[in-house]
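Understanding the architecture of this molecule
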Amino acid sequence: MTSVAFHADQLFYRIPGGIGTYVRELLPELAAADPSLDVTVFHARFPGSVPPEVTPFRRVELDRSIRTLYPSWNLLGTPALPPPVAEQDVVHAPSVASVPPAAPGQRLVVTVHDMAFRVFPSLFPPAWRALFRTGLRRAARRADAVIAVSRSTATDLVRLARIDPTRLHVVPLASSLPAWEMDPEPVLERMKIPRPYLLFVGTLEPRKNLVRLIRAYRRAAVRIPHALVLTGPLGWRSKRLHRELALPGPGRIVVTGAVPPEALDALYRGAGAFAYPSLYEGFGLPVLEAMSRGVPTLIADAASLPEVAGEAALRVDPRSVRSIGEGIERLVGDRDLAERLGATGRDRAALYSWEQTARMTLKVYQQLT
């Protein structure tokens, strides 16, 4: 029987993000895929209540906060993990933000979701950028296996971090937002979302390329009836986004902030099209969420997004406002294209599942033990 200690700090974050989704979805699927797997969840000290996602598992709370724990782990490899954690066969770090020190004889697995902090360092806060860099260096030196969520990320790990390819395993993610059967119209009316609309979902931060998306939408808005809806929590360095939103221009832009899952599902199902021109993604979960609902989708022709979407999305140059704008007009104006992308998007999204992610992750554990 294999035992694993899984680091679950992201579930405690105010904005769990894609890594939080990874932890939340993967943990129960690991247990379901192999009932003999012995799972211990461990986390730093956080104020407030314990997230319900960790309660089904044996839980160990460490005696330090992330403020001191992460830099110390990444730079010094201390403090050591307590016995209930260090006694497990495998310790799994789901992010290079913090790489716990494996005990003697214990195997270390580290998941890397993207290399954006190396490719676009200016788009990250300096403190987080330093944390990611030190964590990546430690993973490169100490990890027995490194999981990349896409071939694109794996390629970047070899190119930029000199990770030994023999230690790399590509394990893709999957859509995680449940589909509700309810009519989305009441939710859209309550949120004052006008139809038709073009949707973006994700953290509102510079890497998502929202300033160019807004400019491209305004170029197209004189010829299309769609509003632009930006949904997701506000990230860092938002002043430029706010300045862009404050400028006058054609069309209508609605910023919803973060919304609960049932409202997000309604926004997807009610959308005329979905736009995700992010400058860099290690995977791009919102793309799968949109495609799984048959929403015709536009993506940046960059990093992992073409790999994830295949031919089921319209690709544009994320650095060109003109390319994004022309893509928007084509996506909402060409009915045959939209119908084809909607159908192929459903098929493409169905190729990914968290059950598959769990089984591939289990194989990584088993190869090490």
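Use the structure listed above.
No experiment lies behind these values; they were computed from the predicted model shown.

What follows concerns the overall build of the protein. Assigned secondary structure in the protein consists of 15 helices and 13 strands. In terms of overall dimensions, the protein is globule-like: its C-alpha atoms have a radius of gyration of 21 Å, near the 21 Å expected for 369 residues. Along the first, second and third principal axes, the C-alpha set of the protein runs to 65 × 40 × 40 Å. The buried share among the 369 residues of the protein stands at 56%. At a minimum sequence separation of 6, the contacts of the protein that also span at least 24 residues come to 69%. One way to put it: in the protein the 46 positive side-chain charges average out to a point 9 Å from where the 35 negative ones average out.

Let us now look at the layout of surface pockets. When its volume is computed, the second largest pocket comes out at roughly 310 Å³. Taken together, 15 residues make up the lining of the second largest pocket; nearest its centre are Leu-123, Pro-206, Leu-210, Val-211 and Arg-240. Broken down by secondary-structure element, the contributors of at least two residues to the lining of the second largest pocket are helix H8 (210-221) and helix H9 (239-246). Residue composition of the lining of the second largest pocket, by class: 8 nonpolar, 2 polar and 5 charged.

What follows concerns the nonpolar core. Formed by 127 residues in total, the largest nonpolar core has its most connected members in Phe-42, Leu-157, Tyr-197, Leu-199, Leu-213, Phe-274 and Ile-328. Counting residues per element, this core draws most heavily on H8, at 7 residues. When residues no more than four places from it in sequence are discounted, the contact partners of Ile-328 are Leu-198, Leu-213, Ala-216, Tyr-217, Ala-220, Ile-224 and Leu-298.

The strand order S10-S9-S8-S11-S12-S13 describes an open sheet built from 6 strands, whose pairing is parallel. Looking at strand neighbours, the two that pair on one side only are strand S10 (253-257) and strand S13 (314-316), the edges of this open sheet. Going from strand to strand, the sheet's axes swing by 25° on average, the running direction of each strand aside.

This part takes up the pattern of salt bridges. Under the defined criterion, the tally for this structure stands at 15 salt bridges. Across the pair Asp-156 and Arg-159 runs a salt bridge whose closest N-O atoms are separated by 3.0 Å. Of this pair, Asp-156 and Arg-159 are both found in helix H6 (residues 151-161), 3 residues apart, which corresponds to roughly one turn of the helix. Given a relative accessible area of 8%, Asp-156 falls into the buried group.

What follows covers the sheet that holds strand S3 (residues 58-61). Here 7 strands make up an open sheet; going across it, the order is S3-S2-S1-S4-S5-S6-S7 and the pairing parallel. Lying at the two open borders of the sheet, with one neighbouring strand each, are S3 and strand S7 (168-170). Recorded for the sheet is a direction-independent mean angle of 25° between the axes of neighbouring strands.

We now examine a positive patch on the surface. A cluster of like positive charges, contributed by Arg-237, Lys-239, Arg-240 and Arg-243, occupies part of the molecular surface. Mapped onto the elements, Arg-243 comes out in helix H9. Since its relative accessible area comes to 54%, Arg-243 is described here as exposed.

The buried fraction of strand S1 (residues 3-7) amounts to 5 of the 5 residues, a majority that puts the element mostly inside the structure. The alternating pattern of S1 places Ser-3, Ala-5 and His-7 and Val-4 and Phe-6 on opposite faces, both of which are buried. Bridge count between S1 and strand S2 (residues 38-43): 5 bridges; the pairing is parallel. Among the inter-strand pairings, Ser-3 is bridged to a residue of S2, identified as Asp-38. Traced from S1 through helix H1 (residues 17-33) to S2, the parallel crossover comes out right-handed. One ladder, built from 3 bridges, connects S1 with strand S4 (residues 90-93); its direction is parallel. Residue pairing for S4: Val-4 is matched across the bridge by Val-90.

Taking 1.5 Å of rise per residue, the 15 residues of helix H15 (residues 354-368) would be expected to cover 21 Å, and the 21 Å separating its terminal C-alpha atoms lies within 8% of that figure. All buried positions along H15 are accounted for by Trp-354, Thr-357, Ala-358, Thr-361, Leu-362, Val-364, Tyr-365 and Leu-368. The arc that holds every buried residue of H15, seen down its axis, measures 155°, which confines them to one face. With respect to the buried face of H15, the exposed residues turned more than 90 degrees away are Lys-363 and Gln-367. Buried residues along H15 sit against S1, H1, S4, strand S5 (107-112), strand S6 (145-148) and S7.

Next up on the list: unusual backbone geometry. Along the chain, Thr-78 connects to Pro-79 via a cis peptide bond; the corresponding omega equals 0°. Inspection of the secondary structure assignment puts Pro-79 in the loop between helix H2 (66-76) and helix H3 (83-86). The amide bond that connects Arg-195 to the next residue, Pro-196, takes the cis arrangement and shows omega of -10°. With a phi angle near 70°, Asn-209 is a residue other than glycine that sits in the positive phi range. For Asn-209, the position within the fold is in the loop between strand S8 (197-201) and H8. Its relative accessible area of 3% is what places Asn-209 among the buried residues. Positive phi is not limited to glycine here, since Arg-237 has a value of about 50°. The topology assignment puts Arg-237 in the loop between strand S9 (227-231) and H9. Residue classification places Arg-237 among the partly exposed residues on the basis of a relative accessible area of 46%.

Thresholds applied
- Residues numbered from 1 in each chain as written.
- Predicted model: local features only at pLDDT ≥ 70, side-chain atom pairs only at ≥ 80, totals over all residues.
- Heavy atoms only, no water.
- Helix = DSSP H or I, 4+ residues; strand = E, 2+ residues; numbered from the N terminus.
- Rg over C-alpha atoms; globule rule 2.2 N^0.38 Å.
- Buried < 20%, exposed > 50% of the residue type's maximum accessible area, 1.4 Å probe, protein only.
- Contact = heavy atoms within 4.5 Å.
- Lys, Arg positive; Asp, Glu negative; His and termini not counted.
- Charge placed at Lys NZ, Arg CZ, Asp CG, Glu CD.
- 1 Å grid on protein atoms, 1.4 Å probe; cavity = no way out; pocket = protein on both sides within 12 Å on 5 of 7 lines; lining within 4 Å.
- Points joined across faces, edges and corners; volume = space filled by probe spheres on them.
- Nonpolar A, V, L, I, M, F, W, Y, C, P; charged D, E, K, R; others polar.
- Core = buried A, V, L, I, M, F, W, Y, C linked by side-chain atoms within 4.5 Å.
- Pairing = 2+ DSSP bridges.
- Axes fitted to C-alpha atoms, helices over the stretch in contact; angles between N-to-C directions.
- Salt bridge = Lys/Arg side-chain N within 4 Å of Asp/Glu carboxyl O.
- Patch = residues over 30% accessible without salt bridge, like charges linked within 9 Å, V, L, I, M, F, W, Y side chains within 5 Å.
- Areas by Shrake-Rupley, 256 points an atom, 1.4 Å probe, with all protein chains shown as cover.
- Right-handed = clockwise from strand over helix to strand, strands pointing away.
- Expected span 1.5 Å × (residues − 1).
- Arc of directions from axis to C-beta.

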